[in-house]
Amino acid sequence: MIKEIFKFLGFAGKKASKSINKSIDFVDDALEKEYITSSIEKAKEMTGTVVQKAGEAYQTGKNKLDELTDSEDFSTIKDKAKTFADKLEEKADALIEKGKETVEENTTLKNTIDKIKEEGKEAMNKLEETKDDLSKKLEDSIFGEEE
């Protein structure tokens, strides 16, 4: 049985050796006939063409955009948009001013807002004090300086 295994391995080895030799012959033949070199050159040429076309497309798009921004239609649209933005800003300013006037005129609303502001300040002060106390306690517990 061992003889048969060695025979089989010898046969397989011979087949592998022949396959390798055929592969080497193929590569040598390909190199001699410059298939690989010409393929690389063709790939370079194609890549160069693609890059060139992309550059041309970019330049064409840029030129069209420049033409558009210089055109009268674009200027008209831009002017209309600016006018609209200015009007919108005026309206927003007017609404804000009206809101301020309403708050100033309505004493109940003004008092409520003032009270909310005051309570907010107090809450922030208490939160700050609590934060400082917690930080101190945490520091003391970590560094062993408990009271």
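Since the structure is predicted, the reported quantities are computational estimates derived from the model, not experimental observations.

Rules used throughout
Residues numbered from 1 in each chain as written. Predicted model: local features only at pLDDT ≥ 70, side-chain atom pairs only at ≥ 80, totals over all residues. Heavy atoms only, no water. Patch = residues over 30% accessible without salt bridge, like charges linked within 9 Å, V, L, I, M, F, W, Y side chains within 5 Å. Areas by Shrake-Rupley, 256 points an atom, 1.4 Å probe, with all protein chains shown as cover. Salt bridge = Lys/Arg side-chain N within 4 Å of Asp/Glu carboxyl O. Helix = DSSP H or I, 4+ residues; strand = E, 2+ residues; numbered from the N terminus. Buried < 20%, exposed > 50% of the residue type's maximum accessible area, 1.4 Å probe, protein only. Axes fitted to C-alpha atoms, helices over the stretch in contact; angles between N-to-C directions. Parallel < 35°, antiparallel > 145°, perpendicular 65-115°, else oblique. Contact = heavy atoms within 4.5 Å. Nonpolar A, V, L, I, M, F, W, Y, C, P; charged D, E, K, R; others polar. Lys, Arg positive; Asp, Glu negative; His and termini not counted. Charge placed at Lys NZ, Arg CZ, Asp CG, Glu CD.

Undergrad: So what's going on with a nonpolar patch on the surface? Residues and values would help.
TA: A contiguous nonpolar patch, built from Leu-138, Ile-142 and Phe-143 and spanning about 360 Å² of accessible area, is present on the exposed surface. Considering the arrangement of structural elements, one finds Leu-138 in helix 4 (residues 107–143).

Undergrad: Please set out the pattern of salt bridges residue by residue, giving values where relevant.
TA: With the rule as written, the count across this model stands at 2 salt bridges. Between Lys-62 and Asp-66 there is a salt bridge; the shortest N-O distance is 3.7 Å. You can see Lys-62 and its partner Asp-66 sitting in helix 2 (residues 35–70), 4 residues apart, about one turn around the helix. Taking relative accessible area as the criterion, Lys-62 reaches 38% and is therefore assigned partly exposed. Among the residues examined, Asp-66 registers a relative accessible area of 34% and is labelled partly exposed. Of the charged contacts in the structure, one is a salt bridge between Asp-86 and Lys-82, with a shortest N-O distance of 3.4 Å. Here Asp-86 pairs with Lys-82, and both are found in helix 3 (residues 72–105), just 4 residues apart, close to one helical turn.

Undergrad: Tell me what's going on with the packing of helix 3 against helix 4, and back it up with residues and numbers.
TA: Two numbers describe how helix 3 lies on helix 4: the axes approach to 5 Å, and their chain directions differ by 95°. It follows that helix 3 is roughly perpendicular to helix 4 by the angle criterion. For the pair helix 3 and helix 4, the contacting residues are Val-103, Glu-104 and Glu-105 in the first and Thr-107, Leu-109, Lys-110 and Ile-113 in the second. In the contact of helix 3 with helix 4, the residues fall into 3 nonpolar, 1 polar and 3 charged.

Undergrad: Can you explain a negative patch on the surface? Please cite residues and give values.
TA: A cluster of acidic residues, Glu-89, Glu-90, Asp-93, Glu-97, Glu-101, Glu-104 and Glu-105, forms a negative patch on the protein surface. Following the sequence through the fold, Glu-101 ends up in helix 3. Relative accessible area serves as the criterion here: at 37%, Glu-101 is assigned to the partly exposed category.

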